[in-house]
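As a plain string of letters, each chain reads:
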4 protein chains.
Amino acid sequence: MDVGFIGMGRMGRGMAARLAQEGHTVRAWNRSPEAAQGVPGVTAVGSAAEAFRGDAVITMLADDAALESVLVQGGLLDGAGRPGVHLGMSTISVALAERLTAIHERAGIPYVSAPVFGRPDAAEAGKLNIVVAGPEASIASATPLLDAMGAKTWRYGEKPKRANAVKLAGNFMLISAIEAMGEACAFTEGHGVPGAELLDLMSNTIFAAPVYKNYGAAIATSRYEPPGFGLRLGAKDIRLALQAGEAAGVPMPFASVLRDGLIEAMARGDGEKDLAALAEVSRRRREGR
Amino acid sequence: MDVGFIGMGRMGRGMAARLAQEGHTVRAWNRSPEAAQGVPGVTAVGSAAEAFRGDAVITMLADDAALESVLVQGGLLDGAGRPGVHLGMSTISVALAERLTAIHERAGIPYVSAPVFGRPDAAEAGKLNIVVAGPEASIASATPLLDAMGAKTWRYGEKPKRANAVKLAGNFMLISAIEAMGEACAFTEGHGVPGAELLDLMSNTIFAAPVYKNYGAAIATSRYEPPGFGLRLGAKDIRLALQAGEAAGVPMPFASVLRDGLIEAMARGDGEKDLAALAEVSRRRREGR
Amino acid sequence: MDVGFIGMGRMGRGMAARLAQEGHTVRAWNRSPEAAQGVPGVTAVGSAAEAFRGDAVITMLADDAALESVLVQGGLLDGAGRPGVHLGMSTISVALAERLTAIHERAGIPYVSAPVFGRPDAAEAGKLNIVVAGPEASIASATPLLDAMGAKTWRYGEKPKRANAVKLAGNFMLISAIEAMGEACAFTEGHGVPGAELLDLMSNTIFAAPVYKNYGAAIATSRYEPPGFGLRLGAKDIRLALQAGEAAGVPMPFASVLRDGLIEAMARGDGEKDLAALAEVSRRRREGR
Amino acid sequence: MDVGFIGMGRMGRGMAARLAQEGHTVRAWNRSPEAAQGVPGVTAVGSAAEAFRGDAVITMLADDAALESVLVQGGLLDGAGRPGVHLGMSTISVALAERLTAIHERAGIPYVSAPVFGRPDAAEAGKLNIVVAGPEASIASATPLLDAMGAKTWRYGEKPKRANAVKLAGNFMLISAIEAMGEACAFTEGHGVPGAELLDLMSNTIFAAPVYKNYGAAIATSRYEPPGFGLRLGAKDIRLALQAGEAAGVPMPFASVLRDGLIEAMARGDGEKDLAALAEVSRRRREGR
C-alpha cells in the first residue's frame, strides 16, 4: 500500500521502517526534518500535506498539542490530500479522539483510532499490540498495515474514542504496577530485604509478566536511563486518564496517587528518566531524603 | 520426617495431605476437630501439644490472634514438646514474627518463618512458592518438607520477620493489581468498553501473569463466589502491611487507598466474597449505586 | 463611576445592585437577558459590547468557557469599547488569567483579577472579601468600586494570576474542611455519636469560623437544598486547582481525594445540591448504601 | 474534693495546679518522679497506688501503652484503693476505652472518659474544653473538678468510648486543617504568593478560628519549635482514628493521606517538632527537596 507517515519519533521510525520492510511504500514527514531521514526504505517528504494522502496516512505524534497543530491548525483536513483512511496511532486524549472523529466525518475522510502497546524495539520487529476502533470497512482496508506493524490487532468497535480509552486504561495499569512495586520495595527495604530480592520472586511467580519483568529490573537496580518510556510522557497519560475519567464520572483514587507521585518525581528532576523512576519517590520518602 | 501440623483450614489440609503423600508422617490438630479428620494419610491428634513435637511442627493459622492463642496463651512453648524446628507458615504480622523469634529463642526451639504464595489447589499439588527466613541450619533440616510442599523455596536470610515482610509486600502488590483492574474497568466501561474486553487484551499481553489472568477472569464476569482468597483476609493483610510500613517509616499511599476500598467493600457485604470483589467498588462509584 | 457589568447570575446581581446603591452608574448585560433586568438602579443593555466600556467593566461569569466565549470569541477586546479597567471577578483558571493578562496587554486595556469570597447575601451587603492583583494604578482607579462591593480588599501584587491562585487555594481549603467534617461525622456516627453533636462542639470551640458554622449546619442536618455554593461548581474549582497545581509542580493529595469524592457525589445525583453534600459520600460509604 | 492525679506531663501539671488553685486537695504521681514535684499546691506521692484513691482519680498519660502499664499491669484496679470515680482524660484509643469500661465495671469503680481540647496554657487557666461520657451520676459527682479545669464540659452520653471517638475526630479535623493549609501554601507559593499572605486572608475571614490562626501562624513562618502539640503524638492520634474507623467500617481517605504525610515528616526528622510541621511536607515536595 501507499502510506503517508507523520511523526518520526523513536516509535514512528520503527513502525515506518517495518512497513517499508514489509513491502509498503512509505512517505514520511516530521516537524524537525532530520528525524524523517535515513530510515531504510522510507522516503522523506517536505511537508505534512505530501504525506497526508495515498491509501492511508498514519499519525504517530507525542501528544494532543502536536497532533492538533499538524492536523487542525496545519489545515490538512481542508487540503487536497484525501487519504483512504487516517490511522491515528498516537496516545491522545479521549476528548481529542471524539473531536477528530467529528471533523473527519465533516471532511469525508475515514478516521480510525489505533494506539499501540510496545516499545520501539517491538515497533521495528512488527510486534506491537494495536488497539483499534473505527468504521469496519476502513479497518479492513488498513489490515495489511496493521498486520505488518502488529503482533496482534485488538478490535473495540466502531467508535474511535474507545481505542483511546483502552490505551489510557492500559497505561494507567502499567504505571500502577510501577507504583505498587515502588511501595513494596520501600516496604521490604525498611525491613532489611532489598527490593531486587522481592521483585525476583514476584516477577518469576504470580507476577511473571513483561511489565513486572521489564520495569522491575529497572527498579531493582535503580537504573532509569536511557528511558524506554519517559516519565513525563507517563505523567501526561495519567492526566489524560484523570480527565477522561472525570468526563465519564469515574473516581480513580489510584490514578490520583500516581499523579501526585509523578509530579513529585518531576520536581526531583526525573521527568526525562524512565517511568520506572516513579519507584524512587517511595524509596526517598522512606529514607527521609 | 515426623511432622506436627497445627491449623487445618483449606490451605493447611492441602499442605498436610501433600506431606503425607510424599512419605512424611503427619500428626494434625485443629481447633474445631472435624477439620483435622479425613485427610488422606494424616493422623488427627487430640491436642495442640500432641502436634507440637517431632522433627518439625508447622503452623498454618488464619491470623495473629489464632496463632498467639494456640502458641502463647496455649503455653506450647513452655510444654514438654520440643519440635526440631517450628515452621511458621501463616500470614502474620511482622511484629508478631519478631516476638515469636524472641520467645522461641528463650525457649530454645528454632523458629523459621515460611509463609506461602498459592491457593489451596497449589498446596495439594506441592506447587506453592515458599518464602523462608530463619537460622540456616534449621531451614536445611526442613528442606524435605519445603521441597514436598513447594514448587520453589525463596530464601531471605536469617531474620524470620523478613519472610513475613516479603509475604505482605506480595499480597499488597496483588491487591493493588485488583484495584488497578477495577478502576481501569470502570474507566473503559464509562467509555463504552466492557471491562472483560479490556482485561482480555491486558492479561494476554503486557500483563500476562497469573494474578491478572485469575483475578481478571473474576472481575471480567463479576463472579466472586466461591472465594479463593477472601476479601476480609485481604483487608487484614493490608492492615498488617500498613502497620509494618508505619513501623519501618514507609508511607504507602496505594495501601491506604486499598484499605479504604476494602472497608467500603465490607460495608457493602462483600467481606466473605473473593478479594477480586474489590473491583466492584470502582464500578459502583461510577454507576452511582 | 460609570461601570459595565457582564454576568448577572446570583452573585453578579447582588454586586451590581450594591454598586448602584452606592451611587455608581451600572450598565448590565447577561447572555439570557431576563437576568439583567429588574435589578434596582441597574440599566440592562442589549449587548456585551455596550457593557464593555466606561470607567470600568466587571465580569462575573460561571467559568472559563463562559468568560472566553463572551470576551475572546465575542471579540470584545478588538471592539470600539475601551473600558478604563477590566475587573475580572469570576473564579477562573490560573492559566486563563495568564492568557487574559497577555491579550489585554496587547489590546491596551488594563486587566485586574479580582475574585471574591462570599455568598450572594454578602454581595448584596457589600461585604465580600475581594482578592486583587494587577497593575497598581488600575487597582487604585477601581478603588471606589472595590470599596462598594467589599468588606475588605486583599492585595496580591501586580500579576493578576496570583489573585486567581489565592481564590482557588481558598476554595480548596473550604472543600477540604467539608470533607474533614464529613469523614469525622461518619466516624463518630460509627461509634454512636451523631455528627450534629460533634460539629456543635467543634464549630463553637477550636473551629469557630464561618466555614465550619455554615457548612457544618448543613452537614449536621443533611440539608443541602437550596444550594448556596453548588457542588458541581466546587468540583470545577478543584479541577482548576489540580491543573494549576500540576502546572506549578505541586502534588496535592487532599485535592485528589476531593476530586474523587466530588465525582462520586455527582454520580449519586448531588451535583446541583450544596457543596456540603460532599459529606454524604463518607456517610454512605460507612452505611454501605 | 480529694483528688489523685496520675501523669504529670505538661498538660497534667497545668491541670493539677489549676485544681489545687481552685481549692481541691491533689495527690500527684508521675513515673519519673521529678515531674510531680514543684507544682504549687500539689502533693507528690510515692506510688501510683497512693494516688489511686479518694473522691476521684484523674489519669492524663501519653498513650494507650502508658495508661495500660500503670493501670492494668500495675494492678491498680485490684488494689485497696477505691476512688469515687476514675476520670480518664488521656487521648487513648476507642478500643482501650471499651476495655477500660469493662474492667472498671468488674472492679466496681466508676469510669468516665474525659479527654480534652486545649494546650498547656489553657490547662493552667482552667479553659479546657472537656469531652465527657460515662455514667451520669459519676459525671455529676465530678462536676466540681470538671468546672475547675474546663471552660465548658461537653456531654456525650453514658458510653465512655464515645468521648474518645469525639476527641479523635477533633484531632483528625485539626490535622486535616494543617494539611489543607500546607497544600494551599505550596500551591500559592508555586504561583508566587507566599503562604503567609494566603493565610493572613484566610485566618481573618472565612477561617477565622483558633486552629487556623495558631497553626497558620506557625506555617506562615515555618517555625515549629518549641512544639505545642508534637507531630509524633499527632501521628499516634491518626493511627488511633484509622483503627477506630476500620473497627466501625468507616473509610477515611483524608486520614490515610495524613498518615502517609506524617510518616514522611518523621522520616525527615520532624517528629519532635510541632504538628504544624506537616505543612513542610507539601512545601518540600513542590520544591523538589
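Numbering of residues begins from 1 in every chain and follows the order in which that chain's sequence is written. Written order decides the labels, with chains lettered from A and ligands numbered from 1. Local features in this predicted model are restricted to residues of pLDDT 70 or higher, and side-chain atom pairs are both shown and tallied only at a pLDDT of 80 or more, whereas totals for entire chains, interfaces and linings draw on every residue. Each side-chain value is derived from all of the structure's non-hydrogen atoms; neither hydrogens nor water enter the calculation.

## Side note on the overall build of chain A
Secondary structure assignment for chain A yields 13 helices and nine strands. Taken over C-alpha atoms, the radius of gyration comes to 20 Å for chain A, in line with the 19 Å a tight globule of 289 residues would show. Across its three principal axes, chain A shows a C-alpha extent of roughly 65 × 40 × 35 Å. The buried share among the 289 residues of chain A stands at 63%. Note on contacts: a residue pair qualifies if any of its non-hydrogen atoms lie within 4.5 Å across the two residues. Put simply, 66% of the contacts in chain A that link residues at least 6 apart link residues at least 24 apart. Put simply, DSSP H or I for four residues or longer makes a helix, DSSP E for two residues or longer makes a strand, and each gets a number counted from the N terminus. We take the radius of gyration over the C-alpha atoms and set the globule estimate at 2.2 Å times the residue count to the 0.38 power. Think of it in three bands: residues with accessible area under 20% of the maximum for their type are buried, residues over 50% are exposed, and the middle band is partly exposed, with areas taken using a 1.4 Å probe on protein chains only.

## Here we look at helix α8 (residues 160–190) of chain C
In a regular helix each residue adds 1.5 Å, so 31 residues correspond to 45 Å; α8(C) covers 46 Å between its end C-alpha atoms and thus fits that length. Two residues or fewer past α8(C), C:G192 is found with a positive phi of approximately 95°. One less than the number of residues in a helix, times 1.5 Å, gives the span that helix is expected to have.

## With respect to the sheet that holds strand β8 (residues 128–132) of chain A
Residue and element names in this part refer to chain A. Read across the open sheet, the three strands follow the order β7-β8-β9; overall the sheet is mixed. The sheet terminates laterally at β7 (116–117) and β9 (150–155), the two strands that pair on one side only. Pairing analysis gives two bridges linking β7 to β8, with the strands arranged antiparallel. Looking at the pairing, F117 lines up with N129 of β8. Strand pairing is assigned whenever DSSP identifies at least 2 bridges connecting the two strands.

## Remarks on the packing of aromatic side chains
Classification of ring pairs rests on two measures: the distance between centres of Phe, Tyr or Trp rings, Trp counted by its six-membered ring, which must be within 6.5 Å, and the angle between planes, read as stacked under 30 degrees, edge-to-face over 60 and tilted in between. Taken as a whole, this structure holds 12 aromatic pairs over all chains when the rule is applied. Between A:Y212 and B:F207, the ring centres sit 6.3 Å apart and the planes meet at 70°, which makes this aromatic pair edge-to-face. Of this pair, A:Y212 sits in helix α10 (residues 210–221) while B:F207 sits in the loop between α9 (195–202) and α10 (210–221), which puts the two residues in different chains. The pair formed by A:Y212 and B:F207 is uniform in burial state, with each residue classed as buried. Aromatic ring contacts, followed pair by pair, group A:F207, A:Y212, B:F207 and B:Y212 into a single cluster. The ring of C:W154 carries C:K152 above its face, with NZ or CZ at 4.1 Å from the centroid. By definition, being over a ring means that NZ of Lys or CZ of Arg is both within 6 Å of the ring centre and within 35 degrees of the ring normal. Across the ring face of C:F117, the terminal group of C:K167 is positioned such that the distance to the ring centre comes to 4.1 Å.

## Observations concerning unusual backbone geometry
For the bond from A:E225 to A:P226, the omega torsion is -5°, close enough to zero to count as cis. For A:P226, the location among the structural elements is in the loop between α10 and α11 (231–247). For B:S222, which is not glycine, the phi dihedral falls at a positive 55°. With respect to the secondary-structure elements, B:S222 resides in the loop between α10 and α11 (231–247). The exposure class of B:S222 is partly exposed, given its relative accessible area of 36%.

## Some points on the pattern of salt bridges
Between Lys or Arg on one side and Asp or Glu on the other, a salt bridge is scored when a side-chain nitrogen of the former is within 4 Å of a carboxyl oxygen of the latter. Under the definition given, this model contains 76 salt bridges over all chains. The salt bridge partner of D:E280 is D:R289, with a shortest N-O separation of 3.9 Å. The class for D:E280 is buried, based on a relative accessible area of 10%. Each of A:E189, A:E280, A:R283, A:R286, A:E287 and A:R289 takes part in one network of salt bridges that share partners.

## Brief notes about the relation of the copies chain D and chain B
Superposing chain D onto chain B takes a rotation of 180° plus a shift of 0.0 Å along the axis, which leaves an RMSD of 0.0 Å. Expressed as an axis order, the relation between the two copies is that of a two-fold axis. Of every C-alpha in chain D, the one belonging to D:S256 sits nearest the axis of rotation, 2.8 Å from it. Most of the interface of chain D is mirrored in chain B, where 100% of its interface residues again form contacts. Copies overlap after least-squares fitting; the atoms used are the C-alpha atoms of residues with pLDDT of at least 70 in both.

## Observations concerning the packing of helix α4 (residues 94–107) of chain A against helix α8 (residues 160–190) of chain A
All names here are of chain A. Where α4 contacts α8, the two axes come as close as 8 Å, and the packing angle between them is 165°. Relative to α8, the element α4 is oriented roughly antiparallel. Note that α4 runs across α8; the crossing there is right-handed. Contact with α4, carried on its side by V94, A97, E98 and T101, involves P160, K161, N164, A165 and L168 of α8 and no other residues of that element. Per-class residue counts for the contact of α4 with α8 are five nonpolar, two polar and two charged. Each axis is a line fitted through C-alpha atoms, taken for helices only over the stretch in contact, and angles between the N-to-C directions span 0 to 180 degrees. Small angles under 35 degrees read as roughly parallel and large ones over 145 as roughly antiparallel, with 65 to 115 read as roughly perpendicular and the rest as oblique. Definitions for this section: a left-handed crossing has its near helix turned counterclockwise from the far helix by less than a right angle. A right-handed crossing has that turn clockwise. The nonpolar class holds Ala, Val, Leu, Ile, Met, Phe, Trp, Tyr, Cys and Pro. Asp, Glu, Lys and Arg form the charged class, and all remaining residues, Gly among them, are polar.

## Here we look at the interface of chain D and chain B
Opposite the 15 residues of chain D that make contact, chain B presents 15 residues. Here's the idea: put two parts together, see how much 1.4 Å probe accessible area each one loses, and the total over both is what we call buried area. For the pair chain D and chain B, the summed buried surface comes to about 1300 Å²; carbon and sulfur atoms form 50% of the total. Summed over the shared surface of chain D and chain B, the number is four salt bridges. Residue B:R259 is joined to D:E246 by a salt bridge in which the shortest nitrogen-to-oxygen separation is 4.0 Å.

## With respect to the sheet that holds strand β7 (residues 116–117) of chain D
Residue and element names in this part refer to chain D. Strand order in the open sheet made by the three strands is β7-β8-β9, with mixed pairing throughout. With one partner strand each, in any of the chains shown, β7 and β9 (150–155) form the two edges of the open sheet. In this sheet, β9 lies alongside strand β8 (residues 128–132) in parallel orientation, the contact comprising five bridges. Bridging from a neighbouring strand, N129 pairs with K152 of β9.

## Regarding the pairing of strand β8 (residues 128–132) of chain B
Counting buried positions along β8(B) yields five of five residues, so the element is predominantly enclosed. Of the two faces of β8(B), the one carrying B:L128, B:I130 and B:V132 and the one carrying B:N129 and B:V131 are both buried.

## Description of the UniProt feature "domain: 3-hydroxyisobutyrate dehydrogenase-like NAD-binding" (unreviewed entry) in chain A
UniProt positions are given in the numbering used here, feature names are shortened, and annotations may be inferred rather than shown by experiment. As annotated in UniProt, the feature "domain: 3-hydroxyisobutyrate dehydrogenase-like NAD-binding" (unreviewed entry) corresponds to residues 163–281 of chain A in the numbering used here. In residues 163–281 of chain A, helix accounts for 71% and strand for 0%; the two terminal C-alpha atoms are 31 Å from one another.

## Points about the domain arrangement of chain A
Quoted interface sizes are often the accessible area lost when the parts come together. All names here are of chain A. Assigned domains within chain A: domain 1 (2–158) and domain 2 (164–287). Those domain boundaries reflect an automatic or database domain assignment. Distance between the C-alpha centres of domain 1 and domain 2: 28 Å. Of the residues lining the interface, 17 residues belong to domain 1; the matching set on domain 2 comes to 17 residues. Both faces combined, the contact of domain 1 with domain 2 buries some 1300 Å², and carbon together with sulfur accounts for 61% of it. By the criterion of area lost to domain 2, the three top residues of domain 1 are T91, F117 and R119, representing 40% of everything that side buries. The tally of links from domain 1 across to domain 2 stands at one salt bridge. In this structure, the salt-bridge partner of D274 is R119, at a minimum N-O distance of 3.7 Å. Elements with a contribution of two residues or more to the side of domain 1 that touches domain 2: α4 and β7. For the side of domain 1 that touches domain 2, a count of residues per class yields nine nonpolar, four polar and four charged.

## Things to note about the interface of chain A and chain B
Each partner contributes residues to the interface: chain A has 60 residues there, and chain B has 61 residues. A combined buried area of about 5200 Å² lies between chain A and chain B, and 78% of that area is made up of carbon and sulfur atoms. Taken as a group, A:M173, A:F187 and A:F254 account for 15% of the area that chain A buries against chain B, more than any other trio of residues on that side. Here chain A is connected to chain B by zero salt bridges. Those elements that provide at least two residues to the side of chain A that touches chain B are β8, α8, α9 (195–202), α10, α11, α12 (253–267) and α13 (278–287) of chain A. For the side of chain A that touches chain B, the leading source of residues is α8(A), giving 21 residues. Along the lines of polarity and charge, the residues of the side of chain A that touches chain B split into 41 nonpolar, 11 polar and eight charged.

## What to know about the environment of D:E22
The residue D:E22 is located in the loop between α1 (10–21) and β2 (25–29) in this model. Judged by its relative accessible area of 41%, D:E22 is partly exposed.

## Notes on the packing of α8(A) against α9(B)
For the pair α8(A) and α9(B), the least separation of the axes is 11 Å and the interaxial angle reads 60°. When the interaxial angle is binned, α8(A) and α9(B) end up oblique. In this structure, the crossing between α8(A) and α9(B) has a hand that is right-handed. For the pair α8(A) and α9(B), contact is made by A:V166, A:A169, A:G170 and A:M173 and by B:L198, B:L199, B:L201 and B:M202, respectively. Its residues assigned to classes, the contact of α8(A) with α9(B) shows seven nonpolar, one polar and no charged.

## Details of the UniProt feature "domain: 6-phosphogluconate dehydrogenase NADP-binding" (unreviewed entry) in chain A
Listed under "domain: 6-phosphogluconate dehydrogenase NADP-binding" (unreviewed entry) in the UniProt record, and renumbered for this structure, are residues 2–154 of chain A. With 38% helix and 23% strand, residues 2–154 of chain A has end C-alpha atoms that lie 23 Å from one another.

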